[in-house]
Amino acid sequence: DVKVTQSSRYLVKRTGEKVFLECVQDMDHENMFWYRQDPGLGLRLIYFSYDVKMKEKGDIPEGYSVSREKKERFSLILESASTNQTSMYLCASSSSGVSYNEQFFGPGTRLTVL
Amino acid sequence: GENVEQHPSTLSVQEGDSAVIKCTYSDSASNYFPWYKQELGKGPQLIIDIRSNVGEKKDQRIAVTLNKTAKHFSLHITETQPEDSAVYFCAAYSSNTGNQFYFGTGTSLTVIP
């Protein structure tokens, strides 16, 4: 059974803290993604990575950075958390093979920044 | 980049009735259109998809139609059941945008028993 796991389901942080969100996939996928989900805005892409140590900005990268040191792990970093980063964060992965399109999502991390 | 619009934002139907969710896209190069279902407390999961060389695809009670000329695609759920209650997202993918998907804003479907 394919799986994308995220380190926390719920997280509460204070303004200015550095926050790490971790994502691990066990499908040997090349591509990994970080989205944030907000009511009425759908899923918006923050960053994605198509290979180890590679990263590409999505639509809303400001205030975020990412790290991909190993193929199975993709980390999202909030250098200095702010209240407007309170959101649901979803990680996803996909293959670059023939069936490259389907993205598999993790259960999400609901982050609250106080 | 691509712009995907999705309607309606909320939809309530009686059990057994049909539900239709519609999406439009802007990039004529988009060639893959998946639909995801997100149940409460879970991440989105692919339920059906369609590629640009196909006009319609069915999988039991779920079907998707694509009109490339008009740049719109729709999800049809027939004989709805309470377990169909969820948030549904459409998405569009274009090779012009690398590996990036563009998602609609979601439709919250409630099936009333």
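That block above? That's the structure.
Residues numbered from 1 in each chain as written. Chains lettered and ligands numbered in written order. Predicted model: local features only at pLDDT ≥ 70, side-chain atom pairs only at ≥ 80, totals over all residues. Heavy atoms only, no water.

## Re the packing of aromatic side chains
The condition that has to hold: By convention, a stacked pair of Phe, Tyr or Trp rings (six-membered ring in the case of Trp) has centres within 6.5 Å and planes under 30 degrees apart, an edge-to-face pair has planes over 60 apart, and any other such pair is tilted. Residue exposure (1.4 Å probe, protein chains only): buried if accessible area is under 20% of the type maximum, exposed if over 50%, otherwise partly exposed.
All told, the structure shown has 15 aromatic pairs over all chains when counted by the stated rule. Taking 6.2 Å as the distance between ring centres and 25° as the angle between the ring planes, the aromatic pair formed by F33 of chain A and Y35 of chain A counts as stacked. Grouping residues by exposure puts F33 of chain A and Y35 of chain A together as buried. Through a chain of ring-to-ring contacts, three or more aromatic side chains come together here, namely F33, Y35, F48 and F105 of chain A together with Y32, Y36, Y93, F101 and F103 of chain B.

## Describing the sheet that holds strand β1 (residues 4–6) of chain A
Residue and element names in this part refer to chain A. Using the following cut-off: If DSSP finds at least two bridges between two strands, the strands pair. Runs of H or I in DSSP of at least four residues are treated as helices and runs of E of at least two as strands, each being numbered from the N terminus. All axes are obtained by fitting lines to C-alpha atoms, using only the stretch in contact for helices, and the reported angles, taken between N-to-C directions, cover 0 to 180 degrees.
Spatially, four strands are ordered β1-β3-β8-β7 in an open sheet, and the strand pairing comes out antiparallel. Of all strands in the sheet, those with a lone pairing partner are β1 and β7 (64–70), marking the two edges. Geometrically, the sheet is characterised by an average inter-axis angle of 20° between neighbouring strands, direction not taken into account. The pairing of β7 with strand β8 (residues 73–78) spans five bridges and is classified as antiparallel. Bridge assignment links K70 to a residue of β8, and that residue is R73.

## Focus on the layout of surface pockets
Rules: Put simply, the grid is 1 Å and covers the protein atoms alone, a cavity is a trapped set of points that fit a 1.4 Å probe, a pocket is an open set with protein on both sides within 12 Å along at least five of seven lines, and lining residues have an atom within 4 Å of a point. Grid points are joined across faces, edges and corners, and a volume is the space filled by probe spheres set on the points. Three categories are distinguished: nonpolar for Ala, Val, Leu, Ile, Met, Phe, Trp, Tyr, Cys and Pro, charged for Asp, Glu, Lys and Arg, and polar for the others, with Gly belonging to the last.
Approximately 550 Å³ is the volume attributed to the largest pocket. Looking at the largest pocket, it is lined by 24 residues, and the ones nearest its centre are Q37 and R110 of chain A together with Q38, L40 and V87 of chain B. Elements supplying a minimum of two residues to the lining of the largest pocket: β4 (31–38) of chain A together with β9 (86–94) and β11 (107–112) of chain B. Among the elements that make up the lining of the largest pocket, the one with the highest residue count is β9 of chain B (three residues). When its residues are assigned to classes, the lining of the largest pocket shows eight nonpolar, 11 polar and five charged. Estimates place the volume of the second largest pocket at around 430 Å³. Lining the second largest pocket we find 20 residues, and of these F105 of chain A together with K42, G43, P44 and Q45 of chain B sit closest to its centre. Examining the composition of the lining of the second largest pocket, we find that three residues originate from one element, strand β5 (residues 45–51) of chain B, more than from any other.

Keep in mind these values describe shape, not function.
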